Amino acid sequence: MFQQVFALLIIVFFLTRLINQKKKNQITKNESIFWFIFWILAALAVIFLKTIDKVVAALGFSGSGINFLLYIAVMILFYFIFKMRLKMVKIEKDITNITREVALRK
Amino acid sequence: MKVFCVIPAYNEARSIVSVVGRVKPLVDEVIVVDDHSSDKTLELAQKTGAIVLHHIINRGQGAALQTGNDYALRHGADIIVHFDADGQFLAEEIKDIVQPIKNNQADIVFGSRFLGKKSNLPKFKKNIIMPLAKLINKVFFNINLSDPQNGFRAMSALVASEIRIENDGMAHCNEILIKSFKNKYRIQEVPITVIYHEFGQKFSGGIRIIKDLIYKKLTK
């Protein structure tokens, strides 16, 4: 119970930060919507942890719900790293094009 | 036929003047692409009378070659030669590498260290790295050349305009090969000599090439 309350407090902290950032126009609308949904889902997962335990057991996984959430989180992180890497490659390509254009103009 | 020689240079202050000096009398135009060297490569190259293009950020050999290609194409090159700035190739062999294109027997010509002429290749490179690179090219790209990792090559203007080098790093060697085979150009290999001052591409470099090729494929 204490852990759940603690996790929810952390989520509330991130949500307030998110709202502040949006107010200051530091993030785009789409990005703020994405993170808002993300934290709400995280809060729901924390609140309904017992239900997730049951669902996970019904699906045949041996671990508890919180373990399952952790696996999902790691998978999502890997996906984000991969996406970020691809984005970086694209940015590198743009830098090369700009460098080339400058070299050819002189 | 106008022959342009593109020499990508990164920290080649020791050799750039002599390399340009040897190449210049043999071609119509020499283009040195300084890839943001931290030594005096840029200043020294400018004194040679060659056309010098300067990358304001270091982007890698592949990027420098494409910059040189772009310049050559915009200024009426018929044949573009790629030549290293470290003095490991022999300038007098440029005529051998452009000849098949001049004779209309090939669209792109690759130099090869394994076709008769003597090159003092380090043993590890000759017996381990090169066969491995050849095997990867054969298995994954169906490319069968005696020396797939050679930077000495010549191409017609048409080929240069159709092949855009997208790999900024060392993977451009494979990229040019892959695109040449894919576009079904007439390909020839000519024997060349390589004088090794240093080891050149290391094993880790080979791994990086494979990684770069995969990422390039994914970001298409």
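Everything discussed here concerns the structure shown above.
The text that follows walks through the structure, step by step, so that each part is easy to find. These figures come from a predicted structure and were not determined experimentally. (Residues numbered from 1 in each chain as written. Chains lettered and ligands numbered in written order. Predicted model: local features only at pLDDT ≥ 70, side-chain atom pairs only at ≥ 80, totals over all residues.)

For chain A, the helix and strand inventory stands at 4 helices and 0 strands. Each helix and strand of chain A, ordered N terminal to C terminal, gives the series α-α-α-α. Relative to its length of 106 residues, chain A is extended, with a C-alpha radius of gyration of 20 Å against a globular reference of 13 Å. Oriented by its inertia axes, the alpha-carbon framework of chain A measures out at about 65 × 35 × 20 Å. Counting every position in chain A, which comprises 106 residues, the buried fraction comes to 4%. (Helix = DSSP H or I, 4+ residues; strand = E, 2+ residues; numbered from the N terminus. Rg over C-alpha atoms; globule rule 2.2 N^0.38 Å. Buried ≥ 20, exposed ≤ 12 C-beta atoms within 10 Å, placed from the backbone.)

Quick look at the interface of chain B and chain A now. On the side of chain A, 12 residues touch chain B, which itself brings 15 residues to the contact. Broken down by secondary-structure element, the contributors of at least two residues to the side of chain B that touches chain A are strand E3 (51-54), helix H3 (61-74) and helix H8 (203-218) of chain B. Per-element accounting of the side of chain B that touches chain A gives the leading share, 5 residues, to H3(B). By residue class, the composition of the side of chain B that touches chain A is 7 nonpolar, 5 polar and 3 charged. (Contact = placed C-beta atoms within 7 Å. Nonpolar A, V, L, I, M, F, W, Y, C, P; charged D, E, K, R; others polar.)

Below, the discussion takes up the pairing of strand E1 (residues 3-9) of chain B. Residues and elements named next belong to chain B. Most of E1 is tucked away, with 7 of its 7 residues classed as buried. In E1, alternate side chains face the same way, and those of Val-3, Cys-5, Ile-7 and Ala-9 on one face and Phe-4, Val-6 and Pro-8 on the other are all buried. Sheet topology note: the E1/strand E4 (residues 79-82) ladder contains 4 bridges and is parallel. Bridging from a neighbouring strand, Val-3 pairs with Ile-79 of E4. Direction of pairing for E1 relative to strand E2 (residues 29-34): parallel, over a ladder of 6 bridges. Paired with Ala-9 across the bridge in E2 is Asp-34. After leaving E1, the chain enters helix H1 (residues 16-23) and then returns to the sheet as E2, a path that is right-handed. (Pairing = 2+ DSSP bridges. Right-handed = clockwise from strand over helix to strand, strands pointing away.)

For the rest of this paragraph, the subject is the sheet that holds E2(B). All names here are of chain B. The 7 strands are arranged E3-E2-E1-E4-E6-E5-E7 in an open sheet whose pairing can be described as mixed. Only two strands of the sheet have a single partner each, and these edge strands are E3 and strand E7 (187-191). Adjacent strand axes in the sheet meet at a mean angle of 20 degrees when their direction is disregarded. Helix H4 (residues 94-102) rests against E1, E4, strand E5 (108-112), strand E6 (153-156) and E7 of the sheet, and its axis sits at about 145 degrees to E4. (Axes fitted to C-alpha atoms, helices over the stretch in contact; angles between N-to-C directions.)

This next bit is on the packing of helix H4 (residues 65-105) of chain A against H3(B). Two packed helices can be described by the angle between their axes and the distance between those axes. Two elements in contact, H4(A) and H3(B), have axes whose closest approach is 10 Å; the angle formed by their N-to-C orientations is 40 degrees. Judged on the interaxial angle alone, H3(B) and H4(A) are oblique. Note on packing geometry: the crossing formed by H4(A) with H3(B) is right-handed. Across from Thr96(A), Arg100(A), Ala103(A) and Leu104(A) in H4(A), the residues of H3(B) making contact are Ala63(B), Gln66(B), Thr67(B), Asp70(B) and Tyr71(B). Of the residues that constitute the contact of H4(A) with H3(B), the class distribution is 4 nonpolar, 3 polar and 2 charged. (Parallel < 35°, antiparallel > 145°, perpendicular 65-115°, else oblique. Left-handed = near helix turned anticlockwise from the far one by under 90°.)

Function cannot be read off these values alone, since they describe shape.
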